[in-house]
Amino acid sequence: MKLLVSLHDVTPFHLPRLQKAEALCVALGVDKISFLLIPDYHSLGRSDLSPDFVAWCRRDRAFDVEWFLHGYTHADEATASVALSPRDRFRRRFLTGSEGEFLPLEAIDQQRRIQDGLAVFRQCLRSDPTGFVAPAWLFNRHLFSILRDSSLHYTEDHSRLFSVATGKSLRSPVITWATRSWLRKHGSVIAAPLLTRHWHNEDILRVAMHPFDFDHPETVDSIRENLARLVSKREMLFTSELDFGNAL
């Protein structure tokens, strides 16, 4: 059985928190992590204009990294320019704190943000990302064709991993933590071990960490305990190493 570990919201704003996340993963023996880079987090300044952050991105590590582009600003600040279903309106309002950047955008706006994001990404890493993950895993029907045109090979949502070229997907539930409120923080700490047990027979399981997790000792303890359990039982892989040949 397989395990995919990811660190979201990789941006200069979170650099001290990202370093804490790295240290935890090294201590647990995690040897493969996907990093999700935000080009201009909440419009606070482009990632490639921070020399310390660029140096951190390029440095050698004790584990291998697969890099993904993660939106452009990671902020949902636009009036919806596409028709949203009741389900999407619910997800936009309740599943994220104004972070679902790509869900309300028309194709032309998505394309512009991805192209601008790729330019920043290349300045940071001197390479192209393996794929793209929409902030909060929220996106609309326009995204896949834009990713194909941009030569981005993989994406994902809350429950599946997608090969952009073939349109095939693999089931992969994700364990993640929330810290936006007392209820969410403690609820996710309670839920994490329950989900780990509930999904113990899943072929592919994901663990997604966010920088703000590392401001909360209870959340860090939960990540440590659950990730250690999964690392001891599963093979760690990257999305690009998965076999989508027999996928749906």
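Residues numbered from 1 in each chain as written. Predicted model: local features only at pLDDT ≥ 70, side-chain atom pairs only at ≥ 80, totals over all residues. Heavy atoms only, no water.

Novice: Account for the environment of Phe121, naming residues and giving values.
Specialist: Within the secondary structure layout, Phe121 lies in helix H4 (residues 107–125). In sequence terms Phe121 and His70 are 51 residues apart; their C-alpha atoms lie 9.9 Å from each other. The residues touching Phe121, leaving out its near neighbours within four places in the chain, are Leu37, Trp67, Phe68, Leu69, Arg126, Ser127, Asp128 and Pro129. (Helix = DSSP H or I, 4+ residues; strand = E, 2+ residues; numbered from the N terminus. Contact = heavy atoms within 4.5 Å.)

Novice: An account of the pattern of salt bridges is requested, with residue identities and associated values reported.
Specialist: Charged atoms that come close allow side chains of opposite charge to pair. In total, this model carries 13 salt bridges according to the counting rule given. The salt bridge partner of Arg112 is Asp109, with a shortest N-O separation of 4.0 Å. Of this pair, Arg112 and Asp109 both sit in helix H4, three residues apart, roughly one helical turn. Residues participating in the shared-partner salt-bridge network are Glu22, Arg59 and Arg61. (Salt bridge = Lys/Arg side-chain N within 4 Å of Asp/Glu carboxyl O.)

Novice: Before we move on, could you go through the nonpolar core and cite the residues and values that matter?
Specialist: Counting 53 residues, the largest nonpolar core has Val30, Phe53, Trp56, Trp67, Ile114 and Phe132 as its most contacted members. Those residues in contact with Trp67, other than ones at most four positions away along the chain, are Val10, Phe35, Leu37, Trp56, Cys57, Arg61, Phe121, Leu125, Pro129, Thr130 and Gly131. Listed in part, the 15 residues of the second largest apolar core include Val133, Leu161, Leu170 and Leu237. (Core = buried A, V, L, I, M, F, W, Y, C linked by side-chain atoms within 4.5 Å. Buried < 20%, exposed > 50% of the residue type's maximum accessible area, 1.4 Å probe, protein only.)

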